[in-house]
Amino acid sequence: MAMASKTRNMLEGLVREGSFKWLLGSRSSFQDEIEEMGKSPSAQKNWIQELSPVANIVVRRCSKILGISTNELRESFDTEASESIKHPSCFARNFLEYCCFRALALSTQVTGHLADKKFRRLTFDMMLAWEAPSTTSESLLSVGEEATVGIEAFSRIAPAVPTIANVIISDNIFEVLTASTDGRLQFSIYDKYLTGLERAIKKVKSQSESSLLSTVRSSKGEKILEVDGTVTTQPVLEHVGISTWPGRLILTDHALYFEALHVVSYDKPKIYDLSNDLKQVVKPELTGPWGTRIFDKAVLYKSISLAEPVAIEFPELKGHTRRDYWLAIIREILYVHRFIKTFQISGVEHDEALSKAVLGILRVQALQEISSAVPLRSEALLMFNLCDQLPGGDLILEALANLLTSRELDRSDNSVGEGGMYSISALAMVSNLGFVFGTNPDVSSEVGLAVGEIAVGKMTTLEKVVKECRSNYKKVVLAQETVDGVKVDGIDTNLAVMKELLFPLMELGKLLLSLAYWDDSTKSLAFCVIFTYIIWRMEGKAVDNKMSHVFGDCCWKFQKHHQQFSWEFVPSFLSVGEVARKNRGWLGYALSFILIFTAVFMALTRCCGQGRPIEEVRVVVPPTMNTMEQLLAVQNAISKAEVFVQDMNIVLLKIRALLLAIFPQASLNFAIALLLIAAVLAFVPIKFLAILTFLETFTRYSPPRRSNTERWMRRLKEWWFSIPAAPVLLEREKEEKKRR
C-alpha cells in the first residue's frame, strides 16, 4: 500500500506540476495516458518502478493487448527468463522486449493490422521506449509526433514483426528510411513505409487470387509476386537470338513466366524455372536490335533446359532501374530455392524460408514508393541477395538453416511457456496475412512451432554472425573504394598503366636475354654454372647417397684389380642405372610414351594416307554482318579488351600493395602465407608436392569435397576483395612535348 500511495503521489504531482513537458513537448497520446494513469488507482498499482515513464506506458499498452495486468506480465517474465536476463542492470530493457514480443505476436494475428494507425504508432513507441527503458536512462527530448528513433532500436524491435524487417537487412532498411533525416527515423516516414507495405500485400493477394496463370501455377500453389509489361509506356521485350517479342512478364515464388503479346491476346506462357537445379545463370545483359549489344537494360536467363539463353529487356528512357529491380527479385527467388536445396530443408521450414524471400520482395515494393527520387539498391534489401554479396554470407545462411531446423524451443515441456522469449516467425506472419505456401493444408497447423529471429535479452547465433559479417563488409567497402579510385578509362591509358606496373618484369626479361646472348661472358658463365648446380642438386640427398655408395664400390673394386677388366664391375655400373631409373619414376616414362605415340602416329598417318585428299577443317560461318554490325562488333571487342586490361591492372596494383606493405595487415597475412609455402617447398619432396597438387586439382569438386571447396574458394575471394589497391597518379604530357 505504501508503494502504491507513493506512486500515486508521484504521478499526480508530475501531472499537476507539468513536469512531463520535457518529455512530451506537444500534446500526444502519451500525455493522455499519463493523465489517465494518474487518476486510475489500478494503473498506479501496475506502475513498475524500474521502468521509465515511456516504457511504463508501452508496457501498459502491451498488457491491455494481452488481456492481463502488468504485474502478471512481470510474474510471467520472472518465471520464463533466466537469472542473467533478470539482472537489475538489464532488467528494464529485457522486460520491455518481453512485453513487446508477446503483444506483437498477438497483434499481428489481426487481419489488416498494418492498416491500423494504432498498431503503427505502437511499434514506433516501442522503439522510443527501447532507447530509454529505465529510470536511469538518458531522458528523451520528446515523444510526440516529432520524436525520432535510432538504428539500434529499429534493428531490435522492427524484426519482431517479420513483415517490417528481419535481422539480416534491418540496417539497410533503416538507412533507406533515414536517407533524408540524418540517421534518425521519423514517425511520418515510418508510417508511410508501413502503409506502402499494406498496399504491396493487398496487390500480391489480389494477383494470386486472380485467374492469371491459374492453370499453370495451381499444381504447386504458386503465388504471383510481380507483373510487368501490361502498360504500353513500360514494355517488356524478350530477346532469343536475333528475334524480339513484346509481352507480359510474371514472377511467382517458383518460376518466371513470359507471355508473348499478339494482336489481341497473349500467347501460351514460357516457363523459366527458378526452383529446380538447372544450373541457372541470371545476370545483367546488353541488348540491341539484330542481336547487337548496346543497351544495358536486360536480364539474361540461361539454364541447361534451354537451347540458347534468353534476354528480358526493360526499356526506359534513362538508367536501368527497372532492370535492376527485376534482376534482384528474380535472383531472390532463385537463391532461396538454392538455399533450400543446399541445406535439404523441407516441410514447415521450407515454407518459412520461402516466406522470408516473399516478405523481402514486398518490402522492396513498399520502399520504392518512399525513395522514388533516389534509385534503390534492391539487392541490398533482399536477404538472400545480400548473403550472396556479404563476406561470410554462407555462414549467415548456415546459421539461418540451423534456426529454421530448430523450430521448437528445445523441444521440451517448457517450450510453450518460453514462447514470449522469442519474436514471431516469418511463416506465422505470412499465415496471418492470408498467404498459404504450397498445397499441403496440414502445414499451417505447425506454424505456431516456428521461432523468430530475435530473443529477449540476448543475441541469437544468427544475429552474431550477421554482426561479424557486416564488420568484415566494411573492410571490403573500403578496399573497393581504393579499387574504384584507380580505375581509368580508355584502353590506351590502361595499357600505359599496365606497362608501368610490369616494368620490373620487363627489366628482368631483358636481363635474362642479355645472359642468354652472352653479352657479358663473365655473368653468363656464372649464371650457367650456378643454375646447372642447382638443377643437379634437385635429385635430392637420398639419390646422392646411393650414387656415392655405388661409385665408391666401383672405385674400390677397380683399385683392387688394378686396371684388369673384371665382370664384377658390370653389376656395380648397372646399379647406377637402376638408381637413376628409380629416381626418375613413372613420370619420365609417361612423357616418353607421349612423344613416342606422337611420332608413331605421324609415321602411320604418312604411310596410310598417301594419295588421299587432305580433309578440310569445317567451320560454321556466323551470319553475315553489315557495316554497322561489324563496327559494333569491333567496339564490343575493344570494350572487352579494355575491361580485361583494367582487371589485370587491379590485380597488379593489389600485388604491389601487398609487396610494398602499403596496407600492413593484408601484407602481414600474405607474408605469413609465403613463409608457409616456402617451408613446404623446402622440406617436402617434389614428388609428394606433385601428387598433392594433382589430387587437389582433380578431387576438389568431388561429392565429398565439393562443399568444403566452395567454402574455401569463397573465403579466398573475400580475402582478395578485402585487399586495397595501390594508388596511381596519372601525369599528362605537356603540349610542347607532344608537338615535338
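All of these numbers come straight from a predicted model, not from anything done at the bench.

A. Layout of the overall build of the protein chain. From N to C terminus, the protein chain includes 28 helices and 10 strands. Residues counted as buried form 41% of the 740 residues belonging to the protein chain. Carbon and sulfur atoms make up 61% of the accessible area of the protein chain, which totals about 43,100 Å².

B. Representation of the pattern of salt bridges within the structure. Here the structure, examined in full by the defined rule, presents 29 salt bridges. Glutamate 83 is the salt-bridge partner of lysine 86, the closest N and O atoms lying 3.4 Å from each other. Glutamate 83 gets classed as exposed once you look at its relative accessible area, which sits at 63%. Ionic contacts of the salt-bridge type, sharing partners, join the residues Asp394, Glu398, Arg711, Arg714, Arg715 and Glu718 into one network.

C. Quick look at the nonpolar core. In terms of nonpolar packing, the biggest core is built from 123 residues, with Phe154 and Phe339 touching the most fellow members. With 12 residues, the top contributor of residues to this core is helix H13 (residues 321–342). Contacts of phenylalanine 339, omitting those with residues within four sequence positions, involve Ile345, Ala353, Phe384, Leu397, Leu400, Ala401 and Leu404.

D. Examining the pairing of strand S3 (residues 224–228) more closely. Most of S3 sits inside the fold, with 5 of its 5 residues counted as buried. Pairing of S3 with strand S5 (residues 243–252), which is carried by 4 bridges, proceeds in the antiparallel orientation. Residue valine 227 lies in a different strand from S5, and its bridge partner there is isoleucine 250.

E. Local environment of unusual backbone geometry. With a phi angle near 60°, aspartate 182 is a residue other than glycine that sits in the positive phi range. Along the chain, aspartate 182 falls in the loop between helix H10 (170–177) and strand S2 (185–186). Not every positive phi belongs to a glycine, and lysine 279 is a case in point at roughly 55°. Assignment of secondary structure puts lysine 279 in the loop between strand S7 (270–273) and strand S8 (281–287). When its relative accessible area of 56% is taken as the criterion, lysine 279 is described as exposed.

F. Local environment of empty space enclosed by the protein. All chains considered together, the criterion is met by 4 cavities of 30 Å³ or more. Its boundaries defined by the atoms lining it, the largest cavity holds a volume of some 70 Å³. Lining the largest cavity are 12 residues; nearest its centre among them are Pro162, Asn166, Lys356, Ala426 and Glu453. Looking at the lining of the largest cavity, the element that brings in the most residues is helix H14 (residues 348–370), giving 3 residues. For the lining of the largest cavity, the class distribution of residues is 6 nonpolar, 3 polar and 3 charged.

G. How the structure looks around a nonpolar patch on the surface. There is a patch of nonpolar side chains on the surface, built from Leu505, Leu508, Leu511, Leu512, Phe527, Ile530, Phe531, Tyr533, Ile534 and Ile535 and spanning about 980 Å² of accessible area. Of all the secondary structure elements, the ones that give two or more residues to the nonpolar patch are helix H20 (503–516) and helix H21 (521–537). Examining the composition of the nonpolar patch, we find that 6 residues originate from one element, H21, more than from any other. Locating isoleucine 534 in the fold gives a position in helix H21.

H. Summary view of the layout of surface pockets. Quantified by volume, the largest pocket comes out at close to 1,600 Å³. Lining the largest pocket we find 38 residues, and of these Arg338, Thr342, Asp388, Glu710 and Arg714 sit closest to its centre. When contributions to the lining of the largest pocket are tallied by element, the ones reaching two or more residues are S8, H13, helix H15 (383–389), helix H16 (393–405) and helix H27 (706–721). Looking at the lining of the largest pocket element by element, the count peaks at 10 residues for H27. When the residues that make up the lining of the largest pocket are grouped by side-chain class, the tally is 16 nonpolar, 8 polar and 14 charged. Taken as a whole, the second largest pocket holds about 1,200 Å³ of empty space. Forming the walls of the second largest pocket are 38 residues, and the residues nearest its centre are Ile151, Ser170, Asp171, Asn172 and Arg470. Those elements that provide at least two residues to the lining of the second largest pocket are helix H9 (151–157), H10, H15 and helix H18 (461–486).

I. Local environment of the pairing of strand S9 (residues 295–302). By the bridge criterion, 6 bridges tie S8 to S9 in an arrangement that is antiparallel. Bridged to proline 284 within S9 is valine 299. Pairing of S9 with strand S10 (residues 310–313), which is carried by 4 bridges, proceeds in the antiparallel orientation. Residue pairing for S10: tyrosine 301 is matched across the bridge by valine 310.

J. Fine view of H27. Under the 1.5 Å per step criterion, the end-to-end length of H27 is 22 Å for 16 residues, consistent within 8% with the ideal 22 Å. Thr709, Arg714 and Glu718 are the residues of H27 that are buried. Buried residues along H27 sit in contact with H15 and H16.

K. Highlighting the packing of aromatic side chains. Per the counting criterion, the structure on display carries 16 aromatic pairs. A ring pair is formed by phenylalanine 314 and tryptophan 326, whose centres lie 5.7 Å apart and whose planes are at 15°; its orientation type is stacked. Of this pair, phenylalanine 314 sits in the loop between S10 and H13 while tryptophan 326 sits in helix H13, and the two are 12 residues apart along the sequence. As far as burial versus exposure is concerned, phenylalanine 314 and tryptophan 326 are alike and both buried.

L. Spotlight on H14. Spanning 23 residues, H14 covers 33 Å between terminal C-alpha atoms, matching the ideal 33 Å at 1.5 Å per step. Judged by how many residues are buried, H14 sits mostly within the fold: 19 of 23 residues are covered.

M. Looking closely at the state of the cysteines. Counted by the stated rule, this structure contains 0 disulfides. There is no disulfide at cysteine 608, and the cysteine sulfur nearest it, in cysteine 607, is 6.3 Å away.

N. Representation of the packing of H13 against H14. Put simply, H13 and H14 touch, their axes get as near as 9 Å, and they point 165° apart. Comparing their axes, H14 and H13 come out roughly antiparallel. By crossing handedness, the relation of H13 to H14 is classed as right-handed. Every residue of H14 that contacts H13 at Tyr325, Ile329, Glu332, Ile333, Val336, His337, Phe339 and Ile340 is listed here: His350, Ala353, Leu354, Ala357, Ile361, Val364, Gln365 and Gln368. When the residues that make up the contact of H13 with H14 are grouped by side-chain class, the tally is 11 nonpolar, 4 polar and 1 charged.

Rules behind the numbers
- Residues numbered from 1 in each chain as written.
- Predicted model: local features only at pLDDT ≥ 70, side-chain atom pairs only at ≥ 80, totals over all residues.
- Heavy atoms only, no water.
- Helix = DSSP H or I, 4+ residues; strand = E, 2+ residues; numbered from the N terminus.
- Buried < 20%, exposed > 50% of the residue type's maximum accessible area, 1.4 Å probe, protein only.
- Areas by Shrake-Rupley, 256 points an atom, 1.4 Å probe, with all protein chains shown as cover.
- Salt bridge = Lys/Arg side-chain N within 4 Å of Asp/Glu carboxyl O.
- Core = buried A, V, L, I, M, F, W, Y, C linked by side-chain atoms within 4.5 Å.
- Contact = heavy atoms within 4.5 Å.
- Pairing = 2+ DSSP bridges.
- 1 Å grid on protein atoms, 1.4 Å probe; cavity = no way out; pocket = protein on both sides within 12 Å on 5 of 7 lines; lining within 4 Å.
- Points joined across faces, edges and corners; volume = space filled by probe spheres on them.
- Nonpolar A, V, L, I, M, F, W, Y, C, P; charged D, E, K, R; others polar.
- Patch = residues over 30% accessible without salt bridge, like charges linked within 9 Å, V, L, I, M, F, W, Y side chains within 5 Å.
- Expected span 1.5 Å × (residues − 1).
- Phe/Tyr/Trp six-rings, centres within 6.5 Å; stacked < 30°, edge-to-face > 60°.
- Disulfide = S-S within 2.5 Å.
- Axes fitted to C-alpha atoms, helices over the stretch in contact; angles between N-to-C directions.
- Parallel < 35°, antiparallel > 145°, perpendicular 65-115°, else oblique.
- Left-handed = near helix turned anticlockwise from the far one by under 90°.

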